[in-house]
Amino acid sequence: MTEFSLFATITPKPAHYAEALAALQGIIPQTLDEPGCLRFELNTGQGDDGNLYLVEHWADLQALEYHYAQPYSTAVFDAYQNWLAKPPQIVKMNRNT
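Here, residues in each chain are numbered from 1, in the same order as that chain's written sequence. Only residues with pLDDT of at least 70 get local features here, since the model is predicted, and only at 80 or more are side-chain atom pairs given and counted; chain-wide, interface and lining totals rely on the full set of residues. Hydrogen atoms and water are omitted, and side-chain values are computed over all heavy atoms in the structure.

**Section: the pattern of salt bridges**
- We define a salt bridge as a side-chain nitrogen of Lys or Arg found within 4 Å of a carboxyl oxygen belonging to Asp or Glu. Considering all chains together, one arrives at one salt bridge under this definition.
- Of the charged contacts in the structure, one is a salt bridge between E41 and R39, with a shortest N-O distance of 2.7 Å.
- Any residue under 20% of the maximum accessible area for its type is buried, any over 50% is exposed, and the rest in between are partly exposed; the area is computed with a 1.4 Å probe on protein chains only. Since its relative accessible area comes to 29%, E41 is described here as partly exposed.

Right, here's the structure in full:
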């Protein structure tokens, strides 16, 4: 597989918003240092939008799988079980430029 982008919408329960935000902010440096990570950007919604948004670009699927297997990633995924109002919505996209 070639390079691809990923857009994730993460919807924390209001009581866990700050924890989810801090957890994602905490894994940004390690993720950016991973082989095959070309972009890993965290965004927050404006106004009353309580979602967190990740914009990612990966060299290939193996790089993303490597990221998912890292202890700092699995710790966040485990915490999601209690923190999120619904499962993350993930859209994988191919670049057409």
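On we go from here.
**Here we look at the environment of G47**
- Going along the chain from the N terminus, every DSSP run of H or I of four or more residues is numbered as a helix, and every run of E of two or more is numbered as a strand. Residue placement: G47 occurs in the loop between β2 (37–44) and β3 (52–58).
- Considered as a pair, G47 and F77 are 30 residues apart in the sequence and their alpha carbons are 26 Å apart.

**Overview of the packing of helix α2 (residues 61–69) against helix α3 (residues 71–83)**
- To define axes, lines are fitted to C-alpha atoms, for helices over the stretch in contact only, and angles between the resulting N-to-C directions are given on a 0 to 180 degree scale. In the contact formed by α2 and α3, the axes pass within 5 Å of each other and the chain directions differ by 70 degrees. Classified by the angle their axes make, α2 and α3 are roughly perpendicular. Mapping the contact onto sequence places H67, Y68 and A69 in α2 and P71, Y72, S73, T74 and F77 in α3.
- Three categories are distinguished: nonpolar for Ala, Val, Leu, Ile, Met, Phe, Trp, Tyr, Cys and Pro, charged for Asp, Glu, Lys and Arg, and polar for the others, with Gly belonging to the last. Of the residues belonging to the contact of α2 with α3, the class tally is five nonpolar, three polar and no charged. Note on terminology: angles under 35 degrees are roughly parallel, angles over 145 are roughly antiparallel, angles of 65 to 115 are roughly perpendicular, and the others are oblique. The contact rule is simple, with two residues in contact once any of their heavy atoms fall within 4.5 Å.

**Looking at the packing of aromatic side chains**
- In summary, the pairing rule links any two rings of Phe, Tyr or Trp, Trp by its six-membered ring, whose centres are within 6.5 Å, and it sorts them by plane angle into stacked for under 30 degrees, edge-to-face for over 60 and tilted for everything else. Counting across every chain of the model gives three aromatic pairs.
- Consider the rings of F7 and Y53, whose centres lie 5.8 Å apart with planes at 20 degrees: the pair is stacked. Separated by 46 residues along the polypeptide, F7 in strand β1 (residues 4–10) and Y53 in strand β3 bring together distant segments of the chain.
- Residue class for F7 comes out partly exposed when judged on its relative accessible area of 32%.
- A relative accessible area of 17% places Y53 in the buried class.
- Between F77 and Y80 the ring centres are 6.0 Å apart and the planes differ by 50 degrees, which places this aromatic pair in the tilted class. With F77 and Y80 both in helix α3 and three residues apart, the pair spans about one turn of that helix.
- Members of the aromatic cluster, each reached through a chain of ring pairs, are Y68, F77 and Y80.

**Some remarks on helix α1 (residues 17–32)**
- End to end, α1 covers 23 Å across 16 residues, agreeing with the expected 22 Å (1.5 Å per residue, within 8%).
- Listed as buried for α1 are A20, L21, A23, L24, I27, I28 and T31.
- Close packing links the buried residues of α1 with β1, β2, β3, α2 and α3. The span expected for a helix works out to 1.5 Å for each residue beyond the first.

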